[in-house]
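# Structure assessment
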Amino acid sequence: MDNRYQKFTVSRQEPLRLSIALEGFFQDETDDEARMAYGQYLHRRLQPAAAALIEADDTARLAHFAAQGWFTAKQTDELIRLAREKRKTAALVWLLRWKGEHYGFQDKDFSL
């Protein structure tokens, strides 16, 4: 077991745990046990994990999260709002495309 995973398991600092999990989850060298632990942690802490990926405009990793089935329609809307606020164009475009393909957009009905 690598030192990074040990640090992840004993740390009580959420920003550090999030950083380690985001790094380790996507590395090929990570063993299966650690990857599973990182994945479970990231799924439970999806909002801050996705926010970090949006901040980095990392659409490839956002796509990986989405492929895991982690994004609900409501979660996607919240992430779109966050990408707009942070002015992260690549993440915003990717999230809008994801929403359109998987959840669609509701037409507003202004009929009387």
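See the structure above.
## Quick look at the overall build of the protein chain
Each helix and strand counted, the protein chain has seven helices and zero strands in total. Its helices and strands taken in sequence order, the protein chain reads α-α-α-α-α-α-α from the N to the C terminus. Considering only contacts in the protein chain between residues 6 or more positions apart, those separated by 24 or more positions represent 53%. Accessible surface, the protein chain: about 7200 Å² in total, of which carbon and sulfur atoms supply 49%.

## Considering unusual backbone geometry
Positive phi outside glycine occurs at D57, with the angle close to 55°. Its place among the elements puts D57 in the loop between α4 (46–55) and α5 (59–67).

## Describing helix α6 (residues 73–86)
Compared with the 20 Å implied by 1.5 Å per residue over 14 residues, the 20 Å span of α6 between its first and last C-alpha is a close match. The set of residues buried in α6 consists of Q75, T76, L79, I80, L82 and A83. Taken around the axis of α6, the buried residues stretch over an arc of 165°, which confines them to a single face. Residues K74, R84 and E85 are exposed on α6 and point more than 90 degrees away from its buried face. Buried residues along α6 sit in contact with α4 and α7 (89–102). Phi turns positive, to about 60°, at R87, one or two residues after α6.

## Digging into the pattern of salt bridges
Side chains carrying opposite charge are able to pair once their charged atoms draw close together. Counted by the stated rule, this structure contains eight salt bridges. Of the charged contacts, one joins K86 and E55 as a salt bridge, the two residues approaching to 3.6 Å between their closest N and O atoms. In this pair, K86 sits in helix α6 while E55 sits in helix α4, placing the two residues 31 residues apart along the sequence. For K86, a relative accessible area of 43% translates into the label partly exposed. Linking R61 and D58 is a salt bridge whose minimum nitrogen-to-oxygen distance equals 3.6 Å. Relative accessible area serves as the criterion here: at 30%, R61 is assigned to the partly exposed category. Judged by relative accessible area, D58 falls into the partly exposed class, the value being 22%.

## Points about the nonpolar core
Counting 32 residues, the largest nonpolar core has L42, F65 and F71 as the members making the most contacts within it. If you list the elements that add at least two residues to this core, you get α1 (3–10), α2 (14–25), α3 (32–44), α4, α5, α6 and α7. Not counting residues up to four positions away in its chain, the partners in contact with L42 are L18, A21, L22, F25, A49, F65 and W70.

So, how was this worked out
- Along each chain, numbering runs from 1 in the same order as the chain's sequence is written.
- Since the coordinates come from a predicted model, pLDDT governs what is reported: local features require at least 70, and pairs of side-chain atoms require 80 or more to be given and counted, while whole-chain, interface and lining totals use all residues.
- The basis for the side-chain values is all heavy atoms of the structure; hydrogens and waters are excluded.
- Secondary structure elements are taken from DSSP: a helix is a run of H or I of four residues or more, a strand is a run of E of two residues or more, and numbering for both begins at the N terminus.
- Note on definitions: a residue-residue contact is assigned when non-hydrogen atoms from the two residues lie within 4.5 Å.
- Computed with the Shrake-Rupley method and a 1.4 Å probe, the accessible areas treat only the protein chains shown as cover for residues.
- Here, expected helix span is obtained from the residue count minus one, scaled by 1.5 Å.
- Note on exposure labels: buried denotes an accessible area under 20% of the residue type's maximum, exposed denotes more than 50%, and partly exposed covers the range between, all computed with a 1.4 Å probe on protein chains only.
- By arc we mean the arc of the directions from the helix axis to the C-beta atoms, nothing more.
- By definition, a salt bridge exists where a carboxyl oxygen of Asp or Glu is found within 4 Å of a side-chain nitrogen of Lys or Arg.
- Take the buried residues of types Ala, Val, Leu, Ile, Met, Phe, Trp, Tyr and Cys, join any two whose side-chain atoms come within 4.5 Å, and each joined set is a nonpolar core.

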